[in-house]
Amino acid sequence: MVDLEEDIRSLQLDSAEDINGVVNPEDEKPDVDKMDEDPKQEVQAQSVEAEPKAKVKEILSVQDEEDEQMKKRHLNVVFIGHVDAGKSTTGGQILFLSGQVDDRTIQKYEKEAKDKSRESWYMAYIMDTNEEERVKGKTVEVGRAHFETDTTRFTILDAPGHKSYVPNMISGASQADIGVLVISARKGEFETGYERGGQTREHVQLAKTLGVTKLLVVVNKMDDPTVNWSKERYDEIESKMIPFLKQSGYNVKKDVSFLPISGLMGLNIKTRLDKSLCSWWDGPCLFESLDSIEVPMGDPKSPFRMPIIDKFKDMGTVVMGKVESGTIRDGDSLLIMPNKDHVKVVAIYIDENRVTLAGPGENLRVRLSGVEEEDILSGFVLSSAANPISTVTEFVAQLQILELLDNAIFTAGYKAVLHVHSVVEECEIVELLQQIDPKTRKPIKKKVLFVKNGAIVLCRVQVNNVICVEKFSDFPQLGRFTLRTEGKTVAVGKITAL
Ligand code: GTP
Ligand code: MG
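First, a word on scope: everything that follows refers to the structure included in this document.

### Quick word on the site of ligand 1
For ligand 1, the set of nearby residues contains 22 residues, the closest of which are K87, T89, S120, T139 and D223. One of the backbone nitrogen or oxygen atoms of S88 is found 2.9 Å away from an oxygen atom of ligand 1. Here an oxygen atom of ligand 1 sits 2.9 Å away from a polar atom, N or O, in the main chain of G263. Summarising the interface, the protein chains cover 97% of the accessible area of ligand 1, which totals 650 Å² for the free molecule. Top contributing element to the shell around ligand 1 by residue count: helix 3 (residues 87-97), with three residues.

Below you can see the structure in the form of structure tokens.
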């Protein structure tokens, strides 16, 4: 088991040094024998929203607009963790404390929660907006909200913790730059989440694979009577999480920080803890910690790529997604891949605001002309016309087998569901090419017919429909993927050849 986790770690692309956030392409040479190079994920500024009923900002010039957008960086932060850890409650509390939800609304939610016999869920109702979520007290769809601190505009992506909704969690995490891992300190709850099969583990491993390079671990429910701000409990959780986070590929010193909070009571979130409540915590509060996380910037000059996560009709066709590379400007001529539909950028929206350009990391709504909404599917990619994204039905990938169902064997003919950026597609392993020794990272000479849990293997993967992907070494975020069957993540991988 330890070995398996070692392997996962090596596969999961340790965070590399960022030199003032500048990415040196030389650092990203593909190397099939070694799986621990790092993708530099990046970021600059932006957010998504529902309808683009935005007022057009007065834009003096592109340069002014650029300056304005650069003032405050933007980060996408995904809230992950086991079911009921308090992700939605903490997300809701953040919105409340940042003044976006008034007392009357809170009172209304309190009443509604009480009527549903879910008294303590009222804060979660801020994030859990649909009836099913409120009745069951479980997030289903990734909730989205925005708030700002002194230096940063954040988009919160509130992922579901329940194991049935892992695909939604994957879609949330794949849009995120940083993760807040929420852990319940309540007696028994930390334990259930941390067990094999608990979502604390699965979420951490997925987040790392999906490019969430920095993690803030919040030990929540510190107010619970079974915890009562106990230092011992906090230390116990931290000391159990550290080795696991290391095994999952996180550099704990550089990329992870811990802090105690109470999402429900709103403690250690916007302001630091009162010493009379918790004498042993000297560290920052959640807002401060989020503020100080540094994430390397993307390359605004590389070819434009924006995987489409959603689309709708509104005075034309509007697509939503996160810019993974390059810059988009009003009036640009682009392609929607894989269909090669020529489109023109009519308008770009960040939150409520119309902007003239946007770079890597931005969550956008883009109004296009030249394409019908019906002709776009999520998983398609808005792409530079001069240098469009690659389209394939087959690729070669280096796969790390995590845990096969009932210890099944992994061989040619194995079928699974492929998740790569916003693509979800059935796939089949058509050929195992070479097994790689997880210890030495060297290829094993012997012909490989099947592999088991923990193996690293180079194989050919086929999909029925054309998909848009890239080699991991060229565009990490568009070349890393997970394979799932029957609701379980069975393997993670990266594309090595197209
Ligand atoms: P899923 O979306 O289903 O994965 O759950 P979640 O992580 O979003 O948890 P949610 O916010 O819905 O909270 C679950 C339960 O934990 C609710 O009853 C909350 O009131 C409770 N809870 C959340 N945070 C705290 C906290 O800080 N202290 C205490 N005592 N209870 C909390
Ligand atoms: Mg929730």
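Following the structure, the description resumes.
### Quick look at the coordination of the magnesium ion (ligand 2)
Within the protein, the magnesium ion (ligand 2) binds to S88 (OG) and T139 (OG1); these donor distances fall in the range 2.0 to 2.1 Å. With a gap of 51 residues between them, S88 in helix 3 and T139 in the loop between helix 5 (131-136) and strand 2 (143-148) connect regions that are remote in the sequence.

### Here we look at helix 4 (residues 103-115)
Here helix 4 is 13 residues long and its end C-alpha atoms lie 18 Å apart, about the 18 Å a rise of 1.5 Å per residue gives. Among all positions of helix 4, only I106, Y109, E112 and A113 are buried. For helix 4, the buried positions fall inside an angular range of 125 degrees around the axis, keeping them on one side. For helix 4, exposure combined with an orientation more than 90 degrees from the buried face picks out R104, K108, K111, K114 and D115. Tucked into the core, helix 4 has its buried residues touching helix 3 and helix 5.

### Focus: the sheet that holds strand 1 (residues 73-80)
Note on sheets: strands pair through backbone hydrogen bonds, and any given pair is parallel or antiparallel. A sheet is described by the order of its strands in space; here six strands give the open sequence 2-3-1-4-5-6, paired in mixed fashion. The open sheet has two edge strands with one neighbour each: strand 2 and strand 6 (256-260). Going across the sheet, the axis of each strand differs from the next one's by a mean of 25 degrees, ignoring polarity. Here strand 5 (residues 214-220) runs beside strand 6; their pairing, made up of five bridges, is parallel. Looking at the pairing, L215 lines up with V256 of strand 6. In this fold helix 9 (residues 231-247) packs onto strand 4 (178-184), strand 5 and strand 6, with an angle of close to 160 degrees to the strand it touches most, strand 6.

### Observations concerning the packing of helix 6 (residues 166-174) against helix 8 (residues 199-209)
One can describe the packing of helix 6 onto helix 8 by two numbers: an axis separation of 10 Å at closest approach and a directional angle of 35 degrees. Where helix 6 crosses over helix 8, the two elements pack in a sense that is right-handed. Mapping the contact onto sequence places V166, M169 and I170 in helix 6 and E202, H203 and L206 in helix 8. Considering only residue class, the contact of helix 6 with helix 8 consists of four nonpolar, one polar and one charged.

Rules used throughout
- Residues numbered from 1 in each chain as written.
- Chains lettered and ligands numbered in written order.
- Predicted model: local features only at pLDDT ≥ 70, side-chain atom pairs only at ≥ 80, totals over all residues.
- Heavy atoms only, no water.
- Near = heavy atom within 4 Å.
- Polar contact = N/O pair within 3.5 Å; in protein donor to acceptor, adjacent residues only side chain to side chain.
- Areas by Shrake-Rupley, 256 points an atom, 1.4 Å probe, with all protein chains shown as cover.
- Helix = DSSP H or I, 4+ residues; strand = E, 2+ residues; numbered from the N terminus.
- Donors = N, O, S within 2.8 Å, 3.2 Å for Na, K, Ca; no water.
- Expected span 1.5 Å × (residues − 1).
- Buried < 20%, exposed > 50% of the residue type's maximum accessible area, 1.4 Å probe, protein only.
- Arc of directions from axis to C-beta.
- Contact = heavy atoms within 4.5 Å.
- Pairing = 2+ DSSP bridges.
- Axes fitted to C-alpha atoms, helices over the stretch in contact; angles between N-to-C directions.
- Left-handed = near helix turned anticlockwise from the far one by under 90°.
- Nonpolar A, V, L, I, M, F, W, Y, C, P; charged D, E, K, R; others polar.

Interpretation note: all reported values are geometric properties and have no functional meaning in isolation.
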